[in-house]
Amino acid sequence: MDFRLTEEQEMVRQTARDFAENELRPGVAERDDKEIFPREAVDKLGELGFMGMIVSEEWDGAGMDTVAYVIAIEEISRVDASTGIICSINNSLICYALQMHGDDYVKDTFLRKFANGTWLGAFCLTEPGSGSDALSMKSTAYEDGDEWVINGSKNWITSGKNCDAYVIVVKTDPDAGHHGTTTFVLPKDTPGITIGKPEEKMGIRATDTVSLTFQDVRVPAKNAIGGFGDGFKVMLSALDSGRLGVAAQGLGIAQGAFEEAIKYSKEREQFGKPISHFQAISFKLADMATRITAARQLLRYAAWRKDAGLPIGPEAAMAKVYCSEAATYCALEAVQIHGGYGYTKDYPVERMLRDAKITEIYEGTSEIQRIVIARAILDE
Ligand code: COS
């Protein structure tokens, strides 16, 4: 068993780290404070090949493996969790769904643009009344000639305002249960789409999160991703991939908070010595390091399975639940180690704690991940 990174993975790690330090760190606090979307950074990430990392070169992607991909998202999120999730969604929900399930028309027309960074994608699944229970969605599409007409609302759409196109799951045969949903891709400027007011969020405040209303939105039948009726499967397989991205985001937040805690505990003196010399603090650091190491191995194992063509449902769920809970744990402990200073915006751990919590919620809550894991171990 060899845990070392390949030359290519190490190069990706270093490039992502340099980018995060040089391009993201300088403005991260201001973007969080003023809710500024990191447009320039996202464009640059596209130029570097980070927006379509696992897409094959044939379709203008970077042709990297999934291990390299999760390393990149970890490094970006270690500094800026908002940019991390914008990048992750484009890679693992949008590009992955199109690469796995799209036909040549969809790949040539849409995937190329998402993969080379020309376009940014937003994934539209959740609705006001349907979150964990995805199948209870109300949005529908009916067939009209060689077009489908979409009506309904979607909620909590990350990048919904700043993206260029949407991938949306709707019911195309409302009586057919799992087999009655279809996924489409459509440009943002398609007539009939109304973008709601951005949500004011606790964390990842540099992302935009909006509701969308679709009123008689016409989309060509050839924009379907996968077969008609296969929307649920496209969505669940994309979410398996997406959960690796969110896990990587959580891991990056945990690592970032851990590094801040080490730095502060070595600088801050009380009772005549740095607080890192007190067992109460050093044991916190030891526990953080242990969880981060376990989280990283779990995530890279799931990513390795994906690259090996093995099923990843429960492994992606384990990685997501563990990495996201490690993020909240480490950010909370980092704030505690900083004492009163950690509770202010003068130190980044306050932002990291706010950013961490969402990783336990989106792309499937921790409770949903445990359902996926429990079903797999009980063979249901
Ligand atoms: N990949 C591809 N297909 C899958 C799959 C996966 N990981 N998991 C299940 N499927 C298929 C099943 O094989 C089944 O197809 P058949 O009927 O042809 O056999 C179909 O999808 C339905 O599967 P299942 O019966 O397991 O679905 P459930 O309704 O029981 O729902 C959960 C399962 C709860 C796990 C699912 O609804 C879920 O993941 N919900 C969370 C959604 C979510 O993450 N929302 C947040 C979105 S933020 S973008």
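Above this note sits the structure.
Owing to the predicted nature of the structure, the values given are computational and were not obtained by experimental measurement.

Basis of the calculations
- Each chain carries its own residue numbering, running from 1 in the written order of its sequence.
- Side-chain atom pairs in this predicted model are given and counted only at pLDDT of 80 or more, local residue features only at pLDDT of at least 70, and totals for whole chains, interfaces and linings cover all residues.
- Only hydrogens and water are set aside when side-chain values are computed; all heavy atoms of the structure are taken into account.
- Any residue with a non-hydrogen atom lying within 4 Å of a molecule or strand is treated as near it.
- Pairs of N or O atoms are called polar contacts if they sit within 3.5 Å, as long as, within protein, a hydrogen donor faces a hydrogen acceptor (for residues adjacent in sequence, only side-chain-to-side-chain pairs).
- Per-residue accessibility takes into account occlusion by the displayed protein chains alone, with areas from the Shrake-Rupley method and a 1.4 Å probe.
- Helix and strand assignments follow DSSP, with helices taken as H or I runs no shorter than four residues and strands as E runs no shorter than two, numbered in order from the N terminus.
- Only Asp, Glu, Lys and Arg are considered charged, only Ala, Val, Leu, Ile, Met, Phe, Trp, Tyr, Cys and Pro nonpolar, and every remaining residue, Gly among them, polar.
- Residue ranges for the domains trace back to a domain assignment, done automatically or taken from a database.
- Throughout this description, buried means an accessible area under 20% of the type-specific maximum (1.4 Å probe, protein chains only), exposed means over 50%, and partly exposed covers the range between.
- Two strands qualify as a pair provided that DSSP identifies no fewer than 2 bridges between them.
- In what follows, salt bridge is the name for a side-chain nitrogen of Lys or Arg lying within 4 Å of a carboxyl oxygen of Asp or Glu.
- Axes here refer to lines fitted to C-alpha atoms; in helices the fit is confined to the stretch in contact. Angles between the N-to-C directions go from 0 to 180 degrees.
- An angle below 35 degrees is treated as roughly parallel, one above 145 as roughly antiparallel, one from 65 to 115 as roughly perpendicular, and anything else as oblique.
- Helix crossings get a hand from a simple test, with the near helix turned counterclockwise from the far one by less than a right angle marking a left-handed crossing and a clockwise turn marking a right-handed one.
- Residue contacts follow a heavy-atom distance rule, with two residues in contact if any of their heavy atoms lie within 4.5 Å.
- What a helix should span is 1.5 Å times the count of its residues minus one.
- Only rings of Phe, Tyr and Trp enter the pairing, Trp through its six-membered ring, and a pair is recorded when the two centres are within 6.5 Å. The plane angle decides the type: under 30 degrees is stacked, over 60 is edge-to-face, the rest tilted.

Enquirer: Is there a simple way to think about the site of the ligand in this case?
Expert: The immediate surroundings of the ligand are formed by 19 residues, with Ser-132, His-178, His-179, Asp-240 and Arg-375 found nearest. One of the side-chain N or O atoms of His-178 is found 2.9 Å from an oxygen atom in the ligand. Gly-364 has a polar backbone atom sitting 3.1 Å from an oxygen atom of the ligand. In isolation the ligand offers 1000 Å² of accessible surface; the protein chains occlude 68% of this area. Secondary-structure elements contributing two or more residues to the shell around the ligand are helix 7 (231-267) and helix 11 (366-377). Each residue belonging to the shell around the ligand can be placed in one class, and the counts come to 7 nonpolar, 7 polar and 5 charged. When residues of the shell around the ligand are assigned to domains, at least three fall in each of domain 2 (122-231) and domain 3 (233-377).

Enquirer: Looking at this structure, how should I read the pairing of strand 1 (residues 121-124)?
Expert: The side chains of a regular strand alternate, first on one face of the sheet and then on the other. With burial as the criterion, each face of strand 1 is covered, one bearing Gly-121 and Phe-123 and the other bearing Ala-122 and Cys-124. In terms of strand pairing, strand 1 meets strand 4 (residues 165-171) through 4 bridges, oriented parallel. Counted as the bridge partner of Phe-123 is Val-167 from strand 4.

Enquirer: Help me understand the pattern of salt bridges, please; the structure alone is not making it clear to me.
Expert: Once their charged atoms are close, side chains differing in charge can pair, the charge on each being opposite to the other. As enumerated under the stated definition, the model contains 30 salt bridges in all. Residue Asp-144 pairs with Arg-218 through a salt bridge whose shortest N-O separation is 2.7 Å. In this pair, Asp-144 is assigned in strand 2 (residues 140-144) and Arg-218 in strand 7 (residues 209-220), connecting sequence segments 74 residues apart. Residue Asp-144 is classed as partly exposed on the basis of its relative accessible area of 34%. Classification of Arg-218 by relative accessible area gives partly exposed; the value is 37%. With a shortest N-O distance of 2.7 Å, Arg-218 and Glu-147 are connected by a salt bridge. One end of the pair, Arg-218, is in strand 7; the other, Glu-147, is in strand 3 (residues 147-158), with 71 residues separating them in the sequence.

Enquirer: Looking at this structure, I do not really get the packing of helix 7 against helix 10 (residues 349-358). What am I missing?
Expert: Relative placement of two packed helices is described by the angle separating their axes and the distance separating the axes. Running from N to C, helix 7 and helix 10 point in directions that differ by 155°, and their axes come no closer than 10 Å. In terms of axis orientation, helix 7 runs roughly antiparallel to helix 10. Considering the relative orientation of helix 7 and helix 10, their crossing is left-handed. Between helix 7 and helix 10, the residues in contact are Ile-253, Gly-256, Ala-257 and Glu-260 and Val-349, Met-352, Asp-355 and Ala-356, respectively. A breakdown of the residues in the contact of helix 7 with helix 10 according to their chemical character gives 5 nonpolar, 1 polar and 2 charged.

Enquirer: Hey, could you run me through helix 8 (residues 279-307) in this one?
Expert: It helps to recall that an α-helix has 3.6 residues per turn; residues three or four apart then point in one direction. For helix 8, spanning 29 residues, the distance from its first C-alpha to its last is 41 Å, which sits close to the expected 42 Å at 1.5 Å a residue. Within the sequence span of helix 8, burial applies to Ile-281, Leu-285, Met-288, Ile-292, Ala-295, Arg-296, Leu-299, Arg-300, Ala-302, Ala-303, Arg-305 and Lys-306. The secondary structure elements touched by the buried residues of helix 8 are helix 4 (66-79), helix 5 (81-101), helix 7 and helix 9 (313-338). One or two steps after helix 8, the chain reaches Gly-309, where phi turns positive at roughly 80°.

Enquirer: I would appreciate a short explanation of unusual backbone geometry in the present structure.
Expert: Of all residues except glycine, most have a negative phi; of all peptide bonds, most are trans. Phi at Glu-35 is positive, roughly 55°, even though this residue is not glycine. A residue is classified by how much of its surface remains accessible, and Glu-35, at 37% relative accessible area, is partly exposed. Positive phi outside glycine occurs at Asp-216, with the angle close to 50°. On the secondary structure map, Asp-216 appears in strand 7. Taking relative accessible area as the criterion, Asp-216 reaches 45% and is therefore assigned partly exposed.

Enquirer: Even after reading the chapter, I still don't get the packing of aromatic side chains, so can you show me in this structure?
Expert: We describe a pair of aromatic rings using the distance from one ring centre to the other and the angle between the two ring planes. Under the criterion given, the structure shown has 11 aromatic pairs. Ring centres of Phe-184 and Phe-228 lie 6.0 Å apart, and the angle between their planes is 65°; on these two criteria the pair is classed as edge-to-face. Of this pair, Phe-184 sits in strand 5 (residues 181-187) while Phe-228 sits in the loop between strand 8 (224-225) and helix 7, and the two are 44 residues apart along the sequence. Owing to a relative accessible area of 43%, Phe-228 belongs among the partly exposed residues under this scheme.

Enquirer: In this structure, what is going on with the packing of helix 9 against helix 10? I would like to understand it.
Expert: Where helix 9 contacts helix 10, the two axes come as close as 8 Å, and the packing angle between them is 155°. Relative to helix 10, the element helix 9 is oriented roughly antiparallel. Along this stretch, helix 9 crosses helix 10, giving a crossing that reads as left-handed. Residues Ala-327, Thr-328, Ala-331, Leu-332, Ala-334, Val-335 and His-338 of helix 9 form the contact with helix 10, whose own contacting residues are Val-349, Glu-350, Met-352, Leu-353, Ala-356 and Lys-357. Its residues placed into classes, the contact of helix 9 with helix 10 shows 9 nonpolar, 2 polar and 2 charged.

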